[in-house]
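Observations on chain architecture
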Amino acid sequence: MSRQWQKSTSSTQDGGNSVEVSTNSEGLIEIRESAAPDSTIVTTPVKFALWIEGVKRGEFDHFGKA
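Summarised in this report is the structure supplied together with it. Sequence positions are assigned chain by chain, starting from 1 and proceeding in written order. Two thresholds apply to this predicted model, a pLDDT of at least 70 for residue-level local features and 80 or more for giving and counting side-chain atom pairs, whereas whole-chain, interface and lining totals are computed over all residues. For side-chain calculations, the full set of non-hydrogen atoms in the structure is used, while hydrogens and water are omitted.

What about the pairing of strand β4 (residues 36–43)?
The following threshold applies: If DSSP finds at least two bridges between two strands, the strands pair. Each helix is a run of H or I in the DSSP string that is no shorter than four residues. Each strand is a run of E no shorter than two, and both are numbered from the N terminus.
Direction of pairing for strand β3 (residues 29–33) relative to β4: antiparallel, over a ladder of 5 bridges. Its bridge partner lying in β4, Ile29 is registered against Thr43. Taken together, β3 and the strand that follows it, β4, pair antiparallel across an intervening segment of 2 residues.

Some thoughts on the packing of aromatic side chains
Using the following cut-off: Any two rings among Phe, Tyr and Trp, with Trp reduced to its six-membered ring, count as a pair given centres within 6.5 Å; such a pair is stacked if its planes are under 30 degrees apart, edge-to-face if over 60, and tilted if neither. Charges are assigned to positions over rings by a cutoff of 6 Å between ring centre and Lys NZ or Arg CZ, combined with an angular limit of 35 degrees from the ring normal.
If you walk through the whole model with that rule in mind, you get 1 aromatic pair. An angle of 35 degrees between the planes, with centres 5.9 Å apart, marks the rings of Phe48 and Trp51 as tilted. In this pair, Phe48 and Trp51 both sit in helix α1 (residues 45–57), 3 residues apart, roughly one turn of the helix. In this arrangement the basic side chain of Arg32 is found over the ring face of Trp5, its NZ or CZ atom lying 3.9 Å from the centre.

Focus: the side chain of Ser22
Defined as follows: The buried label goes to any residue with under 20% of its type's maximum accessible area, the exposed label to any with over 50%, and the partly exposed label to all in between, with areas taken from a 1.4 Å probe on protein chains only. Within 3.5 Å is the distance limit for a polar contact, defined as a pair of N or O atoms, with the added protein rule that one can donate a hydrogen and the other accept it, and that residues adjacent in sequence qualify only through two side-chain atoms. Contact criterion: two residues are considered in contact whenever any of their non-hydrogen atoms come within 4.5 Å of each other.
As for its position among the elements, Ser22 is in strand β2 (residues 19–23). The exposure class of Ser22 is buried, given its relative accessible area of 4%. Within the local environment of Ser22, its side chain forms a polar contact with the backbone oxygen of Gln4, the two atoms lying 3.1 Å apart. Each residue touching Ser22, except ones within four places of it in the same chain, is listed here: Arg3, Gln4, Trp5, Leu28, Ile29 and Glu30.

Some points on the pattern of salt bridges
Here is the rule we go by: Put simply, a salt bridge is a Lys or Arg side-chain nitrogen that is within 4 Å of an Asp or Glu carboxyl oxygen.
A full pass over the atoms with the stated rule returns 5 salt bridges. Between Glu30 and Arg3 there is a salt bridge; the shortest N-O distance is 3.0 Å. Note that Glu30 is positioned in strand β3 and Arg3 in the segment before β1 (6–7), a separation of 27 residues in sequence. Using a relative accessible area of 10% as the deciding quantity, one classes Glu30 as buried. Its salt-bridge partner being Lys56, residue Glu53 comes within 3.8 Å of it at the nearest N-O pair. With Glu53 and Lys56 both in helix α1 and 3 residues apart, this pair spans about one turn of that helix. Judged by its relative accessible area of 37%, Glu53 is partly exposed. Overall, the relative accessible area of 63% leaves Lys56 in the exposed class. Connected through shared salt-bridge partners, Lys7, Glu20 and Arg32 make up one network.

Set out below in structure tokens:
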């Protein structure tokens, strides 16, 4: 059975790059960019939830800014 990847709700429908998330057979969360599907980040559900909360709070908004 193939893995089901869920696209970010902010992804475009025209096939542009997007972040996709899936759960693997061990129950870990895998994250990938649609433009590079062979490269994934693997994390635990707890750490993924903490990261999402940090994103919502804006903790990473300063990255990439001069």
